[in-house]
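An overview of the molecular structure
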Amino acid sequence: MSADQLLLITGATGNTGAPTVENLLQAGHRVRAFVHRADQRSEELADLGAEIVEGDLLDFHAVSAAMSGVSAAYFCYPIAPGGLLTATTIFAQAASEAGVAAVVNMSQISARREAKSHAAQQHWLAERLLDRSAFRTTHLRPTFFAEWLKWQWGSNANEGVLQLPFGDGRHAPISGRDQANVIAAILQNPAPHDRQIYPLVGAQELDHYAIADQMADTLGIPVRYEPVEIPAFAAALTAQGRTDFFVQHISSVAQDYRDGIFAGENDLVEVISGHKPMTVADFVNANRAVFQHSGPYAVGDQLAHA
Ligand SMILES: NC(=O)c1ccc[n+]([C@@H]2O[C@H](COP(=O)([O-])OP(=O)(O)OC[C@H]3O[C@@H](n4cnc5c(N)ncnc54)[C@H](OP(=O)(O)O)[C@@H]3O)[C@@H](O)[C@H]2O)c1
């Protein structure tokens, strides 16, 4: 793909979208960043050289306008009630009309026909829908992101705690940046990846006791994994104001996680992107400021009242 072609990145201010924009700009491409709203995050992308388009992925006319002149696009929609299949339909139609050659689709490792999570089943349906289009498709099915370690981090001066409903299940946490390297590589050369489904994982499969140990070694403070029962975790999320759709998803995939659906190691990140994925230690080092911040345990207060 020549550098003068235009690449569209949706979810552009998110965990995977933002580093993808950065990666492609560094490679010399023109990048259109589709953002939900203009704010500090979109300003940072504009400062890097991205063209910013503000809109809603549920607005057909906005998405259609954003496709104009685009060669390849990244589709990323969050876990939100009632949206993914509509957004996918809109995206597929708009991309087809605009003659977009390839779409990289963010799905997840739990996407299955029989998934109990409504969101995970919708990801599976969205993949099948996109595969009916003439453009090239690649579906990314990451395991849980390494960013969970930030979201669930709680600490005081003496120790860190990860409160999660994952029992002694295992996975290889993958960072948004490692996924961005994969997304950018496919967008720049989509042909070999057409109709492929990639389960994306990080450097090493671990349980959360071992993850906590690696975090402790890196940070130089004790870090404890505190397993939480799934209903208690769900109640804590509800108390935090999360939607029923989100809570149903997390509860279902927590069980999937315990059942091994999120486990596994492979070398896809390195083979596709040319970069080895981050280890837990790399991720903690890259986000040291977050982990040095003292704050309440992620769901501790809510668990007390669950
Ligand atoms: N987290 C995990 O462990 C995990 C694992 C596997 C797969 N996944 C998949 O990863 C995807 C999320 O990716 P991510 O973490 O990179 O994204 P993210 O950080 O959750 O960000 C979502 C992005 O989409 C934007 N957005 C939200 N609603 C929108 C709308 N209606 N129209 C336009 N833009 C909208 C958000 O903007 P605002 O912030 O301004 O709303 C944000 O930029 C989901 O599909 C999820 O299933 C996640």
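Rules used throughout
Residues numbered from 1 in each chain as written. Predicted model: local features only at pLDDT ≥ 70, side-chain atom pairs only at ≥ 80, totals over all residues. Heavy atoms only, no water. Helix = DSSP H or I, 4+ residues; strand = E, 2+ residues; numbered from the N terminus. Rg over C-alpha atoms; globule rule 2.2 N^0.38 Å. Buried < 20%, exposed > 50% of the residue type's maximum accessible area, 1.4 Å probe, protein only. Contact = heavy atoms within 4.5 Å. Areas by Shrake-Rupley, 256 points an atom, 1.4 Å probe, with all protein chains shown as cover. Lys, Arg positive; Asp, Glu negative; His and termini not counted. Charge placed at Lys NZ, Arg CZ, Asp CG, Glu CD. Near = heavy atom within 4 Å. Polar contact = N/O pair within 3.5 Å; in protein donor to acceptor, adjacent residues only side chain to side chain. Axes fitted to C-alpha atoms, helices over the stretch in contact; angles between N-to-C directions. Parallel < 35°, antiparallel > 145°, perpendicular 65-115°, else oblique. Left-handed = near helix turned anticlockwise from the far one by under 90°. Nonpolar A, V, L, I, M, F, W, Y, C, P; charged D, E, K, R; others polar. Phe/Tyr/Trp six-rings, centres within 6.5 Å; stacked < 30°, edge-to-face > 60°. Core = buried A, V, L, I, M, F, W, Y, C linked by side-chain atoms within 4.5 Å. Expected span 1.5 Å × (residues − 1). Pairing = 2+ DSSP bridges.

**Quick notes on the overall build of the protein chain**
Secondary structure summary: the protein chain contains 14 helices and 12 strands in total. A globule of 306 residues ought to have a C-alpha radius of gyration of about 19 Å, and the protein chain, at 19 Å, matches this closely. The principal-axis extent of the C-alpha atoms belonging to the protein chain is close to 55 × 35 × 35 Å. With 306 residues in all, the protein chain has 53% of them scored as buried. Within the protein chain, contacts between residues separated by at least 24 positions form 76% of all contacts whose residues are at least 6 apart in sequence. As displayed, the protein chain offers around 12,900 Å² of accessible surface, 49% of which is attributable to carbon and sulfur atoms. For the protein chain, the distance from the average position of its 20 positive side-chain charges to the average position of its 33 negative side-chain charges is 5 Å.

**A few points about the site of the ligand**
Close to the ligand lie 25 residues; Thr13, Thr16, Arg37, Arg41 and Tyr77 are nearest. Contact between the ligand and Asn15: an oxygen atom at 2.8 Å from a side-chain N or O atom of the residue. Here the ligand, which alone exposes 940 Å², has 86% of that area covered by the protein.

**Concerning the packing of helix H4 (residues 84-98) against helix H5 (residues 118-131)**
Axis separation between H4 and H5 bottoms out at 9 Å; the angle between their running directions is 15 degrees. In this view, H4 runs roughly parallel relative to H5, as classed from their interaxial angle. As H4 packs across H5, the resulting crossing turns out to be right-handed. Contacts between H4 and H5 involve Leu84, Leu85, Thr88, Thr89 and Ala92 from the former and Ala119, Gln122, His123, Leu125, Ala126, Leu129 and Leu130 from the latter. Grouping the amino acids of the contact of H4 with H5 by side-chain chemistry returns eight nonpolar, four polar and no charged.

**Focus: the packing of aromatic side chains**
Inspection of the entire model under this criterion finds 12 aromatic pairs. On the numbers, 6.1 Å between centres and 55 degrees between planes, the contact of Trp148 with Trp151 is tilted. Of this pair, Trp148 and Trp151 both sit in helix H6 (residues 148-151), three residues apart, which is roughly one turn of that helix. Ring geometry for Tyr257 against Phe262: centres 5.9 Å apart, planes inclined by 40 degrees, an arrangement best described as tilted. A relative accessible area of 1% means that Phe262 is categorised as buried.

**A word on unusual backbone geometry**
The backbone phi angle of Arg195 is positive, close to 65 degrees, even though this residue is not glycine. Secondary-structure assignment places Arg195 in the loop between helix H7 (176-188) and strand S10 (196-200).

**Some points on the nonpolar core**
By size, the foremost hydrophobic cluster in this structure holds 65 residues, and its most contacted members are Val21, Leu187 and Met215. One finds Ala66, Tyr77, Val103 and Phe135 within the second-largest nonpolar core, a separate group that totals 24 residues.

**Points about H7**
For H7, built from 13 residues, the straight-helix expectation of 18 Å at 1.5 Å per residue is met to within 8% by its first-to-last C-alpha distance of 18 Å. Extensive coverage of H7 is indicated by the burial of 11 of its 13 residues. Residues Gly176, Asp178, Gln179, Ala180, Asn181, Val182, Ile183, Ala184, Ala185, Ile186 and Leu187 constitute the buried set of H7.

**Focus on the sheet that holds strand S1 (residues 6-9)**
Sheet architecture is open: seven strands sit in the order S3-S2-S1-S4-S5-S6-S10, paired in parallel fashion. The sheet is open, and its two edges are formed by strand S3 (51-54) and S10, each paired on a single side. Taken pair by pair, the neighbouring strands of this sheet meet at an average axis angle of 20 degrees, ignoring direction. Two elements, S1 and strand S2 (residues 30-35), share four bridges in a ladder whose sense is parallel. Along S2, the bridge assignment pairs Ile9 with Ala33. Each of S1, S2 and strand S4 (70-75) is contacted by helix H1 (residues 17-26), which is oriented at about 165 degrees to S1, the strand it contacts most.

**Structural notes on the side chain of Ser175**
Tracing the backbone shows Ser175 in the loop between strand S9 (170-171) and H7. Residue Ser175 is classed as buried on the basis of its relative accessible area of 3%. Residues in contact with Ser175, not counting those within four places in the same chain, are Ala146, Glu147, Met278 and Phe283.

**Structural notes on the environment of Ala33**
Tracing the chain through its elements places Ala33 in strand S2. Overall, Ala33 belongs to the buried group, its relative accessible area being 0%. With residues near it in sequence (within four places) discarded, Ala33 still touches Ile9, Ala12, Val21, Leu45, Ala50, Glu51, Ile52 and Val53.

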